[in-house]
Amino acid sequence: MRNIVEVIQARQASDGDGVKLLRVFGGRGPERFDPFLMLDEFGSQEASDYIGGFPSHPHRGFETVTYMLEGKMEHRDHMGNVGLLGDGDVQWMSAAGGIIHSEMPKQTQGRMRGFQLWVNLPASQKMRPASYSDVKAADIPEYALDGITIKAIAGVTTVNNYKVIGYFTEVDTQPIYLDVRLAAGQTMTLPASAEHTALVYVFEGCVTIGEGDARLSSQHLARLEDSGDIVIVNTAQKAARLLVLVAKPLHEPIVQYGPFVMNTQAQIEQALADYRSGTLGVAR
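Keep in mind that what you see is a predicted model, and the values were worked out from it rather than measured.

(A) The overall build of the chain, seen in detail. Broken down by element type, the chain carries 1 helix and 26 strands. Its C-alpha radius of gyration of 18 Å places the chain within 12% of the 19 Å reference for a compact globule of 284 residues. For the chain, the spread of C-alpha atoms along the principal axes amounts to about 55 × 45 × 30 Å. The buried share among the 284 residues of the chain stands at 53%.

Written out as C-alpha cells, the structure is:
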C-alpha cells in the first residue's frame, strides 16, 4: 500500500492574459513528479477571471492534456488547426518539436472549469513533429462500479479488480489519468507498477490514502510512495472527486524555460532562437 510522502496545496496564480487559476504543482523541483511537469485547475463563474484566455504562445519538448469539465475553449495553432473543446472534452497535444497556439474561451458568461496537465516527452521524442487530438466527452470511456464512477482519459489498469481502459493508451510514459467520483464510505484500490510516479489530486470533498489517518482535502495533491497499490477511502459523509495520475518516470535531465522543456541549456537556447527566427515548429 502506498502512503503519502508529500502534500501540496494548490495556490492561486494567473497565466495567459490574466486567467485566474490554481497551480497545483509546477516549477521548482520537477524531478519528483517525473514525468509530470505541471497541473493547473481553472474554474470560475466570473467571465472576467477567464475571458482573456491564453493568446498565441509557443511550446516545445512536452505534451499538454486539457480536460474541460464545463465551458468552451477554442484551440488554434500555427499549422492551421482549429479545435473546440466543450463540456467533458479532452485535448491531448504533443508540442514536441514546436507549436505556436492559442487557447481562447468561446463564451462570455457561465462557468469555465477544467484542468491542464503537462507531461514530459523522452529526449528521443522531443523534436518529432507536433500533433494533437481533440476527443469528445462521449468518446471517453466511463465506468460505473459499486459507488465509484470513473472517466478514463488515459492508461490501462484495474480498479477494485475491474479492468479500466482509458481513451489514450499509446503514450511514451504509460500514463494513467482517471477522473474518479468516490461515493461516501467507498474504497478504491488501484495497482501501480513499482517505481512509477503516483499522484492524487482531490478537487471536491476529502479522502484518506494509505495507512493510518492520512486525509487529503479539496485542492490538495498527494505524492505517494513508489511501490505498492494505491488505496483511497472516502470516510466522509458526501462524495469526493479526484484525479489519479500515474506514469513511468523518464529519469532524464529536465531543463525548463517557461514554455520550453528540454534536456540541456543549449537546447533551450536553440528553442528560443528558433522562436525568434520564426522557424519553431517548421518542418525541416
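Still to come is the rest of the account.
(B) Region of interest: the sheet that holds strand S3 (residues 19-25). Within the open sheet, the 7 strands sit side by side as S2-S3-S4-S11-S6-S9-S12. Their pairing is antiparallel. The strands lining the two open edges of the sheet, one partner per strand, are strand S2 (11-15) and strand S12 (131-135). The sheet shows a mean angle of 20 degrees between the axes of neighbouring strands, taken without regard to direction. Bridging between strand S6 (residues 62-70) and strand S9 (residues 90-94) involves 5 bridges; their strand directions are antiparallel. Each residue of the ladder has a partner; that of Thr66, found in S9, is Gln91.

(C) A look at unusual backbone geometry. Between Asp34 and Pro35 the backbone carries a cis peptide bond, its omega angle lying at 10 degrees. With respect to the helices and strands, the residue Pro35 is situated in the loop between S3 and strand S4 (36-44). Positive phi is not limited to glycine here, since Ala96 has a value of about 45 degrees. Its location among the elements puts Ala96 in the loop between S9 and strand S10 (99-105). Here Asn160, not a glycine, exhibits a phi torsion of approximately 50 degrees, which is positive. Inspection of the secondary structure puts Asn160 in the loop between strand S15 (156-159) and strand S16 (162-165).

(D) View of the sheet that holds strand S17 (residues 176-182). One open sheet holds the 7 strands; their spatial order is S1-S22-S19-S24-S17-S14-S13, and the pairing between them is antiparallel. Two strands close off the open sheet at either side, each with one partner strand: strand S1 (4-9) and strand S13 (142-145). The mean angle between the axes of side-by-side strands here comes to 20 degrees, regardless of whether they run parallel or antiparallel. Pairing of strand S14 (residues 148-154) with S17 involves 6 bridges; the strand directions are antiparallel.

(E) A look at helix H1 (residues 265-277). The terminal C-alpha atoms of H1 lie 18 Å apart, and with 13 residues this matches the ideal 18 Å at 1.5 Å per residue to within 8%. Within H1, burial applies to Ile268, Ala271, Leu272 and Asp274. Projected down its long axis, H1 carries its buried residues within an arc of 160 degrees, all on one side. Exposed and facing more than 90 degrees away from the buried side of H1 are Ala266 and Arg276. In this structure, the buried residues of H1 make contact with strand S25 (255-257) and strand S26 (260-262). Positioned one or two residues after H1, Gly278 has a phi angle of 80 degrees, which is positive.

(F) Expanded view of the pattern of salt bridges. Inspection of the entire model under this criterion finds 13 salt bridges. Across the pair Glu70 and Arg111 runs a salt bridge whose closest N-O atoms are separated by 3.4 Å. Note that Glu70 is positioned in strand S6 and Arg111 in the loop between S10 and strand S11 (112-120), a separation of 41 residues in sequence. Taking relative accessible area as the criterion, Glu70 reaches 29% and is therefore assigned partly exposed.

(G) Structural detail: the packing of aromatic side chains. If you walk through the whole model with that rule in mind, you get 9 aromatic pairs. Centroid distance Tyr167 to Phe168: 4.9 Å. Interplanar angle 70 degrees. Geometry classified as edge-to-face. Given the relative accessible area of 13%, Phe168 is considered buried. An aromatic cluster is built from Tyr67, Phe115, Tyr177, Tyr201 and Phe203, whose rings are joined through pairwise contacts.

(H) Quick look at the nonpolar core. Counting 30 residues, the largest nonpolar core has Phe25, Phe36, Leu39, Phe115, Tyr177 and Tyr201 as its most contacted members. Among the secondary structure elements, those contributing two or more residues to this core are S3, S4, S6, S9, S11, S14, strand S19 (197-204) and strand S24 (240-247). With sequence-adjacent residues up to four places away left out, Phe115 is seen in contact with Leu39, Asp40, Glu41, Phe42, Val65, Thr66, Tyr67, Leu69, Tyr177, Tyr201, Phe203 and Leu243. Counting 27 residues, the second largest nonpolar core, distinct from the first, contains Leu182, Ala192, Val207 and Leu216.

Rules and cut-offs
- The numbering scheme is per chain: residues are counted from 1 as the chain's sequence reads.
- Note on the predicted model: pLDDT of at least 70 is required for a residue's local features to be given, and 80 or more for side-chain atom pairs to be given and counted; whole-chain, interface and lining totals, by contrast, use all residues.
- By convention in this description, side-chain values take in all heavy atoms of the structure and omit both hydrogens and water.
- Helix and strand assignments follow DSSP, with helices taken as H or I runs no shorter than four residues and strands as E runs no shorter than two, numbered in order from the N terminus.
- Here the globule rule is a power law, 2.2 Å times the number of residues to the power 0.38, and the radius of gyration is based on C-alpha atoms.
- Burial status follows relative accessibility: with a 1.4 Å probe on protein chains alone, a residue under 20% of its type maximum counts as buried, one over 50% as exposed, and anything between as partly exposed.
- We call two strands paired when DSSP finds no fewer than two bridges between them.
- All axes here are fitted lines through C-alpha atoms, helices being fitted over the stretch that makes contact, and every angle between N-to-C directions spans 0 to 180 degrees.
- In a helix, the anticipated span is given by 1.5 Å times the number of residues less one.
- The arc in question is formed by the directions pointing from the helix axis toward the C-beta atoms.
- Any two residues whose heavy atoms approach within 4.5 Å are treated as being in contact.
- By convention in these notes, a salt bridge is any Lys or Arg side-chain nitrogen within 4 Å of a carboxyl oxygen on Asp or Glu.
- Aromatic rings from Phe, Tyr and Trp, taking only the six-membered ring of Trp, are treated as a pair when their centres fall within 6.5 Å; an angle between ring planes under 30 degrees marks them as stacked, one over 60 as edge-to-face, and anything in between as tilted.
- We define a nonpolar core as any set of buried Ala, Val, Leu, Ile, Met, Phe, Trp, Tyr and Cys residues linked to one another through side-chain atoms lying within 4.5 Å.

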